[in-house]
Amino acid sequence: MQTWLSIDEFAKLIGKTTKEIEELCENNELSHKIEDNKIYIEANAGTQTLIPVAHTEIIETPSGDTVLEKTISTILNLHERVLEAKDETIKTMQGENDFLKSTVLSVQEIYDEDRKTINTLQQQIKLLQEELEYCRRKYKLMWGKVIKKEDEDE
């Protein structure tokens, strides 16, 4: 399928002046047609003529295999270093995790011991309060007096 562009549109497209495009048409370097006193240029062929396509060639070197082998060797060496670093990092992280785990277990044991101590102290306080109440009742029965808090403060 051919796409026809006016000379002005084509000039804008490829970045040339209309005068330069007209000269190329006169030299038959561009595929063109004239309709209604306007010049139309076939876009695909025109752009291929004016904009060269870059060709790339593979350059053979006598030591091409050696370069390839060295490159592959270097890549494999780097890959092994990355794997060693990864393994070392994993071991370090496992060591840190073990340390943190033991620390948490130690803190948990201390917490449990403190909880037991608190329970023991609460029981002792309760027993002492009961003993104090017993002594008050005994004193009241023996002497017929009631100990008041105001007397205790003195």
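An account of the accompanying structure is given in this report.

Calculation rules
- Residues numbered from 1 in each chain as written.
- Predicted model: local features only at pLDDT ≥ 70, side-chain atom pairs only at ≥ 80, totals over all residues.
- Heavy atoms only, no water.
- Helix = DSSP H or I, 4+ residues; strand = E, 2+ residues; numbered from the N terminus.
- Buried < 20%, exposed > 50% of the residue type's maximum accessible area, 1.4 Å probe, protein only.
- Axes fitted to C-alpha atoms, helices over the stretch in contact; angles between N-to-C directions.
- Parallel < 35°, antiparallel > 145°, perpendicular 65-115°, else oblique.
- Contact = heavy atoms within 4.5 Å.
- Nonpolar A, V, L, I, M, F, W, Y, C, P; charged D, E, K, R; others polar.
- Salt bridge = Lys/Arg side-chain N within 4 Å of Asp/Glu carboxyl O.
- Core = buried A, V, L, I, M, F, W, Y, C linked by side-chain atoms within 4.5 Å.
- Pairing = 2+ DSSP bridges.
- Lys, Arg positive; Asp, Glu negative; His and termini not counted.

### Section: unusual backbone geometry
Line of reasoning, step 1. We note that Asn28 has phi near 60°; this positive angle belongs to a residue other than glycine.
Line of reasoning, step 2. Tracing the backbone through its elements, the reader meets Asn28 in the loop between α2 (18–26) and β2 (32–35).
Line of reasoning, step 3. By relative accessible area, Asn28 is classed as exposed at 63%.
Line of reasoning, step 4. Even without a glycine there, the phi angle at Asn37 is positive, about 60°.
Line of reasoning, step 5. With respect to the helices and strands, Asn37 occurs in the loop between β2 and β3 (38–42).
Line of reasoning, step 6. A relative accessible area of 80% means that Asn37 is categorised as exposed.

### Remarks on the packing of helix α1 (residues 7–14) against α2
Line of reasoning, step 1. The N-to-C vectors of α1 and α2 enclose an angle of 110°; their axes lie 9 Å apart at closest approach. Accordingly, the angle class assigned to the pair α1 and α2 is roughly perpendicular. Across the interface between the two elements, Ile7, Asp8, Phe10, Ala11 and Ile14 from α1 touch Thr18, Ile21 and Glu22 from α2.
Line of reasoning, step 2. Taken together, the residues of the contact of α1 with α2 break down into five nonpolar, one polar and two charged.

### Examining the pattern of salt bridges
Line of reasoning, step 1. Scanning the model with the defined rule gives one salt bridge in all.
Line of reasoning, step 2. The partner of Lys33 in a salt bridge is Glu35, and the shortest N-O contact between them spans 3.2 Å.
Line of reasoning, step 3. Residue Glu35 is classed as partly exposed on the basis of its relative accessible area of 38%.

### Describing the nonpolar core
Soluble globular proteins tend to bury their nonpolar side chains together.
Line of reasoning, step 1. With 11 residues, the main nonpolar core is built from Leu5, Ile7, Phe10, Ala11, Ile14, Ile21, Leu24, Cys25, Leu30, Ile41 and Ala43.
Line of reasoning, step 2. A total of four residues in this core trace back to one element, the largest contributor, which is α1.
Line of reasoning, step 3. When neighbours within four sequence positions are excluded, Cys25 is seen to be in contact with Leu30, His32, Ile39 and Ile41.

### A word on the sheet that holds strand β1 (residues 4–6)
Line of reasoning, step 1. As summarised here, the arrangement of the three strands in space is β1-β3-β2, forming an open sheet in which the pairing is antiparallel. Edge strands, defined here as strands with exactly one partner in the open sheet, are β1 and β2. Across the sheet, the mean angle from the axis of one strand to that of its neighbour is 35°, orientation sign disregarded.
Line of reasoning, step 2. α1 rests against β1 and β3 of the sheet, and its axis sits at about 95° to β1.

### Side note on the side chain of Glu42
Line of reasoning, step 1. With respect to the helices and strands, Glu42 occurs in strand β3.
Line of reasoning, step 2. Here Glu42 is buried and forms no salt bridge, its nearest opposite-charge partner Lys33 lying at an N-O distance of 9.8 Å.
Line of reasoning, step 3. For Glu42, the residues in contact, after removing those within four places along its chain, are Gln2, Thr3, Trp4 and Ser31.

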